[in-house]
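One-letter residues, chain by chain:
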Amino acid sequence: ELRLRRVRELRPGQEIAVASPTNEAVDAGQVTFRHLLTHTSGLPAWNPFYRLESRAAALRAVLSSPFSCPTGTRVVYSDVGFILLGEAIARLTGRPLDAAVREMVLDPLGLSDTHYRPISEQQECRGAEAQRGGGETISPSPLLPRSPAPSSRIAPTELCAWRGHRLRGEVHDENGARLGGVAGHAGLFGRAADVAALGQMYLAGGAPLLRAGTVAEMTRLQAEDGPVRRGLGWQLWSPDPESSGHPFNERAYGHTGFTGTSLWVDPTRELVAVLLTNRVYYGRDPEGIRDFRLRLHSAVIDALI
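Residues numbered from 1 in each chain as written. Predicted model: local features only at pLDDT ≥ 70, side-chain atom pairs only at ≥ 80, totals over all residues. Heavy atoms only, no water.

A. Inspection of the packing of helix α3 (residues 79–93) against helix α4 (residues 97–109) at higher detail. In contact at an axis separation of 9 Å, α3 and α4 are set at 75 degrees when each is read in the N-to-C sense. As summarised for this structure, α3 and α4 are arranged roughly perpendicular, according to the angle between their axes. Only L97, A100 and M104 of α4 make contact with α3, whose side of the interface consists of G86, I89, A90 and T93. When its residues are assigned to classes, the contact of α3 with α4 shows five nonpolar, two polar and no charged. (Axes fitted to C-alpha atoms, helices over the stretch in contact; angles between N-to-C directions. Helix = DSSP H or I, 4+ residues; strand = E, 2+ residues; numbered from the N terminus. Parallel < 35°, antiparallel > 145°, perpendicular 65-115°, else oblique. Contact = heavy atoms within 4.5 Å. Nonpolar A, V, L, I, M, F, W, Y, C, P; charged D, E, K, R; others polar.)

Here it is in structure tokens:
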């Protein structure tokens, strides 16, 4: 049975719903990789798995997640679906996700500065308290690692109320942290040159990782919901003038990250645009980064004319 879920915590304690209540049954066995990659599975966008006591408990909750809408009826960007994709890759390859990503993607492309968990020296969180939005005082989880001396090459992100310190070299996403810093939806660290190399690989037809036909399939329209257009994994150009990819050609595709990162590929212009910023340093208000991305991409296109 489907239930209305509160699915996206924009700020600690603030949640919104993305699906109307329905009693229609959903068969989870009918959900395919294509559904997950196009965000049409019907799974919720988000759930607070990090509030559970361990990685194992969080993963069990992901695997038993209820649906928020019938499969194939809506395009709803789902962290839950991408966590499942990461777990599927680990099980299919018989190795941890970070090892599989290293072997199959990063090493063949020579991306030596891209990895999960860049800080290897870990210690337990200290018992400091932090203020959650709304005035609620919380203590950081004692179960999560903390880096005592993160690399100066890694930009700090948000002051995390749950963990009780400003993050640096740790995955920003709380669910990603609860899953050990390695998950399908969040956790990769990298530099702009590495991200651009990934975009260039797609621009060049996929070699040495993918066939040209696979790239074409990934970047064609697979699902559409209003102005939201999805390929396989990729966000496609949108007619919405406020979309970050709108300044590019209509064949463009890309992806954004919650902390202020993005990659866009414009095949018509043979252009790869990478943006690595830190919009969460002072909080999670999304308006600033939306406007900044749009202005930056417009400036890039104007510079080419």
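Having seen it, we continue.
B. View of the packing of aromatic side chains. Taken as a whole, this structure holds eight aromatic pairs when the rule is applied. Plain terms: the ring middles of Y50 and W162 are 5.0 Å apart, the flat faces sit at 65 degrees to each other, and that makes the pair edge-to-face. On the criterion of sequence distance, the pair formed by Y50 in the loop between α1 (33–38) and α2 (55–63) and W162 in the loop between β8 (159–160) and β9 (165–166) is long-range, its members being 112 residues apart. Judged by centre distance (5.0 Å) and plane angle (85 degrees), the ring pair of Y202 and W234 falls under edge-to-face. On the criterion of sequence distance, the pair formed by Y202 in helix α6 (residues 192–203) and W234 in the loop between β12 (228–230) and β13 (235–236) is long-range, its members being 32 residues apart. Considered together, Y202 and W234 belong to a single accessibility category, that of buried residues. Within the aromatic cluster, the residues linked to one another by ring pairs are W46, Y50 and W162. A cation over a ring is seen here: R166 above Y281, with NZ or CZ 3.8 Å from the ring centre. The lysine or arginine in question, R279, covers the ring of F258, its NZ or CZ lying 4.4 Å from the ring centre. (Phe/Tyr/Trp six-rings, centres within 6.5 Å; stacked < 30°, edge-to-face > 60°. Buried < 20%, exposed > 50% of the residue type's maximum accessible area, 1.4 Å probe, protein only. Lys NZ or Arg CZ within 6 Å of the ring centre and 35° of its normal.)

C. Quick look at the side chain of N175. Checked against the element boundaries, N175 lands in helix α5 (residues 174–178). Looking at N175, the relative accessible area reads 3%, which means it is buried. Polar side-chain contacts of N175 include one of 3.0 Å to the backbone nitrogen of F49. A distance of 2.9 Å separates a polar side-chain atom of N175 from the backbone nitrogen of Y50. What N175 contacts, discounting residues up to four positions off in sequence, is W46, N47, P48, F49, Y50 and H185. (Polar contact = N/O pair within 3.5 Å; in protein donor to acceptor, adjacent residues only side chain to side chain.)

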